Amino acid sequence: MISPVKIWRRQKEIRSILGKKGKILTWSIIYAAGPEFKKFAPYPIVIVELENHQKATAQLVDYDKDDLKIGRKVVAILRKVREGGAEDVLVYGIKFKPT
Amino acid sequence: MTSVIGYYTTQFGELWEKSFSDLIEESVDGVLNNSFMDKREIDAIFFANMLAGVLENNLHAPSKIAEILGVHIPIFRVEAACASGGVAFHLAKNYLESHPAKTVLVVGAEKMTDYSPEETTNALASAASGEEQEAGLTFPGLYAMMAQVYLEKYKYTEEHLAHISYKNHYHGSLNDKAHFRKKITVDQILRSAYIASPLKVLDCSPISDGASAIILSSDKLLIAKANHKAAVLASEVATDTISLKGRKSLDEIFATRIAAEKAFNHSKLRPKDMKVAEVHDCFSIAEIFAMEDLGFWKKGSGGKKAKERVTMYGSGNDLIVNTSGGLKASGHPVGATGIKQIGEVFLQLTNQAVNRQVKNAKCGLAHNVGGSGGTAVVTILGN
């Protein structure tokens, strides 16, 4: 079960990153994933350095193949990041998309 | 001087017929038999394991080992992800320094193949940060992100990485305990499926079962009468952030550099004194980082050196690396790996490595990494 308390704690951090722009430091496309993410594979993950030099690790969405490169500019957006059972809370968090 | 006086490893691989306890028991019995010792001569045990708690709801291993052996001595479980074995060895050495003239067992074991690849992938990701896990980042994914930076920065290709797997599979073909004993071609590696780009199946170490055990002693009389012995000249541990994003640089394992510097200073030896090394090649890129960060190769030259296969058995060069087959071909039962690495160096230094024996190997190094570089252990043995 997804813990609502953990999500609540985490969301305080999410708010500070949302809408911030940055550039891709590195990336990979994950083909072999754990059970929770298997249905989304293959999916790209990026480490981004934001304009305030804060760094974040998250999935890249709404992208073209050419967007997967070091230095590409991206912006932090709010997306559903995990999906538990029917009774679980929905988990929203940070993903990035190209600007 | 603390010395390794015995080593045994089980077969590494998909061992359907062996349980976690069976593997531990075989490795302990094996090392005692190999060293002509009795369990009553063992004063303490250090046990390395990462996943039994996560995968099979199996903790409190010290008391299980006490039951297997029928002993009442102190037994400690050590967990540092894939560096559990190296850290257990380090703690065992420190224990002996505060308990003179004693003898301890260092055992590492992991049972991984009872579970689906997804379950094991998920369990291994427990060694990553919460943010990385939430993003769906996997353990291969972490190294893939580092590989991406390295390949771009130094203008190398996936083919440069492939030569590491080629070499280690050749070495694995010479090791009867290895998970994979099959040689593979560079073309096969390049044509294998992606796990996390740019890393493919044949860039990655496998999911394996296995257990390895070492006897470590500071008892001068026991060491003197041992048939095979190698002195522990250094054992150093260093740590770094668990998050990849928190690292100073993404094209190195900084903790390796710190542990190596301390180990070489402590032993008053240099990288060029090493004739054999077992380095942590959980992925092909990881062996390149290891060779550079340990000081064997200049930063950025690793892709070229890998392609030249300068550390392959039979190359006639001064340093041969991963004669066991490394994690790639010998297999990677996580808790056992760090012990097997030190054990392989011990076999080389005591002239027991048969068909993969490196001539005149007087000093050797073992390098064990936890997670994506959050822990690194460097051990130097010598005669």
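Residues numbered from 1 in each chain as written. Chains lettered and ligands numbered in written order. Predicted model: local features only at pLDDT ≥ 70, side-chain atom pairs only at ≥ 80, totals over all residues. Heavy atoms only, no water.

Colleague: Explain the overall build of chain A to me, please; I cannot follow it from the model alone.
Modeller: Counting its regular elements, chain A contains 1 helix and 5 strands. Element order for chain A, N to C, with α for helix and β for strand: α-β-β-β-β-β. Taking the principal axes of the C-alpha coordinates as reference, chain A spans close to 40 × 30 × 15 Å. Going through the 99 residues of chain A one by one, you find that 42% of them count as buried. Considering only contacts within chain A whose residues lie at least 6 apart along the sequence, 57% involve residues at least 24 apart. Approximately 5600 Å² of chain A is accessible, and the part contributed by carbon and sulfur atoms is 52%. Within chain A, one finds 20 positive and 11 negative side-chain charges whose respective centroids are separated by 4 Å. (Helix = DSSP H or I, 4+ residues; strand = E, 2+ residues; numbered from the N terminus. Buried < 20%, exposed > 50% of the residue type's maximum accessible area, 1.4 Å probe, protein only. Contact = heavy atoms within 4.5 Å. Areas by Shrake-Rupley, 256 points an atom, 1.4 Å probe, with all protein chains shown as cover. Lys, Arg positive; Asp, Glu negative; His and termini not counted. Charge placed at Lys NZ, Arg CZ, Asp CG, Glu CD.)

Colleague: Looking at this structure, how should I read the overall build of chain B?
Modeller: For chain B, the helix and strand inventory stands at 15 helices and 12 strands. For a compact globule of 383 residues, the expected C-alpha radius of gyration is about 21 Å, and chain B comes in at 19 Å, within 12% of that figure. Considered along the principal axes of its C-alpha atoms, chain B spans approximately 55 × 45 × 35 Å. Of the roughly 13800 Å² of accessible surface on chain B, a fraction of 52% belongs to carbon and sulfur atoms. (Rg over C-alpha atoms; globule rule 2.2 N^0.38 Å.)

Colleague: Mind showing me how you'd approach the sheet that holds strand β7 (residues 210–217) of chain B here?
Modeller: Where strands meet in a sheet, backbone hydrogen bonds hold them as pairs that are either parallel or antiparallel. Residue and element names in this part refer to chain B. Overall, mixed pairing links the 10 strands, which are arranged β3-β2-β4-β7-β1-β8-β12-β11-β9-β10 in an open sheet. The open sheet has two free edges, formed respectively by β3 (75–78) and β10 (320–321), since each of these has just one partner strand. Two elements, strand β11 (residues 363–370) and strand β12 (residues 375–382), share 8 bridges in a ladder whose sense is antiparallel. By the bridge assignment, leucine 365 is partnered in β12 with isoleucine 380. Against the sheet, helix α1 (residues 20–34) engages β1 (3–9), β2 (44–48), β4 (103–110) and β7, with an angle of about 35 degrees to β7. (Pairing = 2+ DSSP bridges. Axes fitted to C-alpha atoms, helices over the stretch in contact; angles between N-to-C directions.)

Colleague: What is the right way to read the interface of chain B and chain A from this model?
Modeller: Note on interface size: it is often stated as the accessible area lost on association of the parts. Contacts between the two partners involve 26 residues from chain B, matched on the other side by 26 residues from chain A. Taking both sides of the interface into account, the surface hidden between chain B and chain A amounts to around 2300 Å²; carbon and sulfur atoms contribute 61%. The three residues of chain B that bury the most area against chain A are Glu134, Met145 and Lys245 of chain B, which together make up 28% of that side's buried surface. Seen at the junction of chain B and chain A, the total is 2 salt bridges. (Buried area = accessible area lost by both parts, 1.4 Å probe. Salt bridge = Lys/Arg side-chain N within 4 Å of Asp/Glu carboxyl O.)

Colleague: When you look at the layout of surface pockets in this model, what are you seeing that I'm missing?
Modeller: A water-sized probe, rolled over the atoms, reveals where empty space remains. Each pocket or cavity is described by its volume, and for the largest pocket that value is around 650 Å³. Around the largest pocket, the lining is made up of 29 residues, and of these Glu36 and Arg82 of chain A together with Gly130, Gln133 and Glu134 of chain B lie nearest the centre. In terms of residue count, helix α1 (residues 4–17) of chain A provides more of the lining of the largest pocket than any other element does, 5 residues in total. Residue composition of the lining of the largest pocket, grouped by class: 13 nonpolar, 9 polar and 7 charged. (1 Å grid on protein atoms, 1.4 Å probe; cavity = no way out; pocket = protein on both sides within 12 Å on 5 of 7 lines; lining within 4 Å. Points joined across faces, edges and corners; volume = space filled by probe spheres on them. Nonpolar A, V, L, I, M, F, W, Y, C, P; charged D, E, K, R; others polar.)

Colleague: Looking at this model, I keep getting lost on the environment of phenylalanine 36 of chain B. Mind explaining?
Modeller: Residue and element names in this part refer to chain B. With respect to the helices, strands and loops of the structure, phenylalanine 36 is situated in the loop between α1 and β2. Separated by 190 residues in sequence, phenylalanine 36 and alanine 226 have C-alpha atoms that sit 8.8 Å apart. Residues within four places of phenylalanine 36 in sequence aside, it is in contact with Glu41 and Asn227.

Colleague: I keep staring at the nonpolar core and nothing clicks. Help me out?
Modeller: Side chains of a nonpolar character, in soluble globular proteins, are inclined to be buried together. Grouped together as the largest cluster of nonpolar side chains are 48 residues, with contacts concentrated most on Tyr143, Leu199, Phe283 and Ile285 of chain B. Elements that contribute at least two residues to this core include exactly β2 (43–50) of chain A together with α5 (117–124), α7 (139–154), α8 (158–172), β5 (194–196) and α12 (284–293) of chain B. No other element matches α7 of chain B, which puts 10 residues into this core. Counting contributing residues, this core receives three or more from each of domain 1 (3–115 + 208–225) and domain 2 (137–205 + 232–382) of chain B. Counting 34 residues, the second-largest nonpolar core is a separate cluster that includes Val4, Val87, Val276 and Val358 of chain B. (Core = buried A, V, L, I, M, F, W, Y, C linked by side-chain atoms within 4.5 Å. Domains from an automatic or database assignment.)

Colleague: Please explain the pairing of strand β8 (residues 230–239) of chain B as it appears in this structure.
Modeller: When a strand is regular, its side chains alternate between the sheet's two faces. Residue and element names in this part refer to chain B. Of all 10 residues in β8, 7 are buried, a share of seventy percent or more. Strand direction decides the pairing type here: β8 and β12, joined by 8 bridges, are antiparallel. Opposite threonine 239, over in β12, you have threonine 375 as the bridge partner.

Colleague: Before we go on, may I ask you to explain α7 of chain B in this structure?
Modeller: Since there are 3.6 residues in each turn of an α-helix, residues three or four apart along the chain are aligned in direction. Residues and elements named next belong to chain B. In a regular helix each residue adds 1.5 Å, so 16 residues correspond to 22 Å; α7 covers 23 Å between its end C-alpha atoms and thus fits that length. Of all 16 residues in α7, 13 are buried, a share of seventy percent or more. Note on α7: the residue one or two positions beyond its end, lysine 155, has a positive phi of about 60 degrees. (Expected span 1.5 Å × (residues − 1).)

Any functional reading would require information beyond the geometric quantities listed.
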